[in-house]
Amino acid sequence: MMSKKRIGIFGSTGSIGRQALEVIAAHPDKFEVEVLTAQQNADLLIEQAIQFKPNAVVIGDESKYTAVKDVLFDKGIKVFAGPAAMVEVAAWDSIDLMLAAIVGFAGLAPTLSALEQGTPVALANKETLVVAGDIVMATARRKGVPIIPVDSEHSAIFQCLTGEPARVEKVILTASGGPFLGKKTNYLINVKKDHALQHPNWSMGAKISIDSATLMNKGLEMIEAKWLFGLAAEQIEVVIHPQSIIHSMVQFTDGSMKAQMGLPDMKLPIQYAMGYPDRLSNDFPRFSFKNYPSLTFEQPDTKTFRNLAIAIEVLKKGGNAACVMNAANEEVVNAFLKNRIGFLQMTEVIEETLAKIPFMEKPTLQHYYEADSAAREHAAELIHSLI
Ligand SMILES: NC(=O)C1=CN([C@@H]2O[C@H](COP(=O)(O)OP(=O)(O)OC[C@H]3O[C@@H](n4cnc5c(N)ncnc54)[C@H](OP(=O)(O)O)[C@@H]3O)[C@@H](O)[C@H]2O)C=CC1
Ligand SMILES: CC(=O)[C@@H](O)[C@H](O)COP(=O)(O)O
Ligand SMILES: [Mn+2]
């Protein structure tokens, strides 16, 4: 009998983490939970730990340590707290596969820690590659471990490339266009968080939902694709596909194209990454052409949704530019979610931060950390001046 894969879910209380646990619950013969982590949602972390009986949990917010330990210690579950513990536990060799499902820059250190240990990573946390893709990919290569994409577009490309000897000419990332597809600046100036959080096709965490609404998500995904698949900026295109059925496409050097399709359900790419190299069965609802009489495509409006244009420039520029853009973006999305700045002001702050923070061609990991801090500080000042 094959032994079960022991999964460490970093960010188990989030949208990806919760869906990963649903996949695990549906495949008790394939997977076991080794580690669960959360930042502040102690109640859900405890609930998940009682159900899935991991070896350990980590709560990022140290003030919640006692509350978690008081419940789980008697159940034989180890409890740790704080960001350093998260990095340490990520390096445990009892984890067969790390699911990197923390949101934002905070996911970088635990993911690098797992890779350094030689643990394969199922990567949802795209910011890790946006910030330090060169270092992350070099670490994976040096350790000979796979990074299996979870992000739906990159999972689609990965699935199109699996078993494919041909060379890639280009990849085409599909974008839904978000809740404001077709809208213009005079509309966007007044949009509020509740509307921006209403993604037409996917139910996701708050940060990525806002990124989808501004098209920054697609910009981050272009940079993610560059690193995952070793592509030049010119080999990565974006097309708006409002139905989110084709998850992305690859065009090979003979002009032939492959696409991966399915209903928009993140459990599919999560299950694929966790089961890889096997393709596991499931009873998720199936796509039917009867329900989708037409699949449509159009060009993105980068004049209105300027975040995508900025990200394309950043992708071409390289160096620390994507790290700076990501930090400013995390700050503005937070501020927008707190109703402190408007939808279009997010773009202004990102642009001004990129103009201010010195460009560095070949940053080290330390340089990325410094650029992240400097960009956040500058963006925070700009946000403050706008209030
Ligand atoms: N949701 C989706 O469908 C998709 C998500 N992704 C990517 O996956 C990642 C996760 O997204 P999603 O699940 O939507 O995000 P959520 O906001 O729903 O969940 C984030 C998770 O990270 C934890 N977390 C937050 N901040 C920190 C921190 N500073 N240190 C450690 N842990 C932290 C949260 O803990 P707590 O709950 O305690 O706050 C939670 O478990 C993102 O990078 C996103 O871009 C990619 C494709 C699709
Ligand atoms: C599910 C997923 O992978 C998200 O990144 C999704 O693609 C967001 O939708 P947009 O295409 O609107 O950015
Ligand atoms: Mn995606």
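By the naming in an unreviewed UniProt entry, the chain goes by 1-deoxy-D-xylulose 5-phosphate reductoisomerase and is assigned to Chitinophaga lutea. Annotation of the chain in UniProt includes, under Function (unreviewed entry), the sentence "Catalyzes the NADPH-dependent rearrangement and reduction of 1-deoxy-D-xylulose-5-phosphate (DXP) to 2-C-methyl-D-erythritol 4-phosphate (MEP)." Looking at the Pathway (unreviewed entry) heading of the UniProt record, one finds this comment for the chain: "Isoprenoid biosynthesis; isopentenyl diphosphate biosynthesis via DXP pathway; isopentenyl diphosphate from 1-deoxy-D-xylulose 5-phosphate: step 1/6."

To continue, consider the coordination of the manganese ion (ligand 3). Bound to the manganese ion (ligand 3) are the protein donor atoms Asp 151 (OD), Glu 153 (OE) and Glu 221 (OE), situated 2.0 to 2.2 Å from the metal. Each donor residue of the manganese ion (ligand 3) belongs to the same chain, and together they define the spacing D-x1-E-x67-E. Both residues of the pair, Asp 151 and Glu 153, belong to the buried class.

It is at 12 Å that the axes of helix α11 (residues 216-229) and helix α14 (residues 321-337) come closest, and there the two elements cross at 150°. It follows from the interaxial angle that α11 and α14 lie roughly antiparallel. Handedness of the crossing formed by α11 with α14: left-handed. Only Ala 322, Met 325, Asn 326 and Asn 329 of α14 make contact with α11, whose side of the interface consists of Met 216, Leu 220 and Ile 223.

The next subject is the pattern of salt bridges. Counted by the stated rule, this structure contains 18 salt bridges. Glu 116 serves as the salt-bridge partner of Arg 142, at 2.8 Å between the closest nitrogen and oxygen. Pair noted here: Arg 142 is in helix α6 (residues 126-143) and Glu 116 is in helix α5 (residues 108-117), with a separation of 26 residues, a long-range link. Taking the relative accessible area as the measure of exposure, Arg 142 reaches 53% and is therefore exposed. We classify Glu 116 as partly exposed; its relative accessible area is 37%. A salt bridge links Lys 258 to Glu 164; the nearest nitrogen and oxygen atoms lie 2.9 Å apart. With Lys 258 in strand β11 (residues 257-261) and Glu 164 in the loop between α7 (152-161) and β8 (168-175), the pair connects residues that are 94 residues apart, well separated along the chain. For Glu 164, a relative accessible area of 24% puts it in the partly exposed group.

Turning next to the packing of helix α1 (residues 15-26) against helix α12 (residues 267-275). Between α1 and α12, the least distance of the axes is 9 Å, while the angle of their chain directions is 65°. Where α1 crosses over α12, the two elements pack in a sense that is right-handed. Here α1 contributes Ile 16, Gln 19, Ala 20, Glu 22, Val 23 and Ile 24 to the contact with α12, which in turn contributes Lys 267, Ile 270, Gln 271 and Met 274. Its residues placed into classes, the contact of α1 with α12 shows six nonpolar, two polar and two charged.

The next subject is the sheet that holds strand β6 (residues 121-123). Sheet architecture is open: seven strands sit in the order β4-β3-β2-β1-β5-β6-β7, paired in parallel fashion. With partners counted over all chains shown, the strands left at the sheet margins are β4 (78-81) and β7 (147-149), one partner each. The mean inter-strand angle of the sheet, taken between neighbouring strand axes irrespective of direction, is 20°. Note that strand β1 (residues 5-10) and strand β5 (residues 97-100) share four bridges and pair parallel. Across the sheet, residue Gly 8 finds its bridge partner in β5, namely Met 98.

On to the site of ligand 2, then. Neighbouring residues of ligand 2: 15 residues in total, closest Ser 152, Glu 153, Ser 176, His 199 and Asn 217. In the environment of ligand 2, an oxygen atom lies 2.8 Å from a nitrogen or oxygen atom belonging to the side chain of Asp 151. The set of elements that each furnish at least two residues to the shell around ligand 2 consists of α7, α10 (206-214) and α11. The biggest single contributor to the shell around ligand 2 is α11, with three residues. When its residues are assigned to classes, the shell around ligand 2 shows five nonpolar, five polar and five charged.

Another point: the domain arrangement of the chain. According to the domain assignment, the chain consists of domain 1 (5-149) and domain 2 (154-266 + 294-386). Of the residues lining the interface, 22 residues belong to domain 1; the matching set on domain 2 comes to 29 residues. Taking both partners together, domain 1 and domain 2 bury about 2100 Å²; carbon and sulfur atoms supply 70% of that area. Counting across the domain 1 and domain 2 interface gives two salt bridges. Across the salt bridge formed by Glu 127 and Lys 207, the nearest N and O atoms sit 2.8 Å from each other. Summed over the shared surface of domain 1 and domain 2, the result is five residue pairs in polar contact (both at pLDDT 80 or more). When residues of the side of domain 1 that touches domain 2 are traced back to their parent elements, those giving at least two are α1, α5, α6 and β7. Counting residues per element, the side of domain 1 that touches domain 2 draws most heavily on α6, at ten residues. In terms of residue class, the side of domain 1 that touches domain 2 is made up of 15 nonpolar, four polar and three charged.

Calculation criteria
- Residues numbered from 1 in each chain as written.
- Chains lettered and ligands numbered in written order.
- Predicted model: local features only at pLDDT ≥ 70, side-chain atom pairs only at ≥ 80, totals over all residues.
- Heavy atoms only, no water.
- UniProt positions renumbered as here; feature names shortened; annotations may be inferred.
- Donors = N, O, S within 2.8 Å, 3.2 Å for Na, K, Ca; no water.
- Buried < 20%, exposed > 50% of the residue type's maximum accessible area, 1.4 Å probe, protein only.
- Axes fitted to C-alpha atoms, helices over the stretch in contact; angles between N-to-C directions.
- Helix = DSSP H or I, 4+ residues; strand = E, 2+ residues; numbered from the N terminus.
- Parallel < 35°, antiparallel > 145°, perpendicular 65-115°, else oblique.
- Left-handed = near helix turned anticlockwise from the far one by under 90°.
- Contact = heavy atoms within 4.5 Å.
- Salt bridge = Lys/Arg side-chain N within 4 Å of Asp/Glu carboxyl O.
- Nonpolar A, V, L, I, M, F, W, Y, C, P; charged D, E, K, R; others polar.
- Pairing = 2+ DSSP bridges.
- Near = heavy atom within 4 Å.
- Polar contact = N/O pair within 3.5 Å; in protein donor to acceptor, adjacent residues only side chain to side chain.
- Domains from an automatic or database assignment.
- Buried area = accessible area lost by both parts, 1.4 Å probe.

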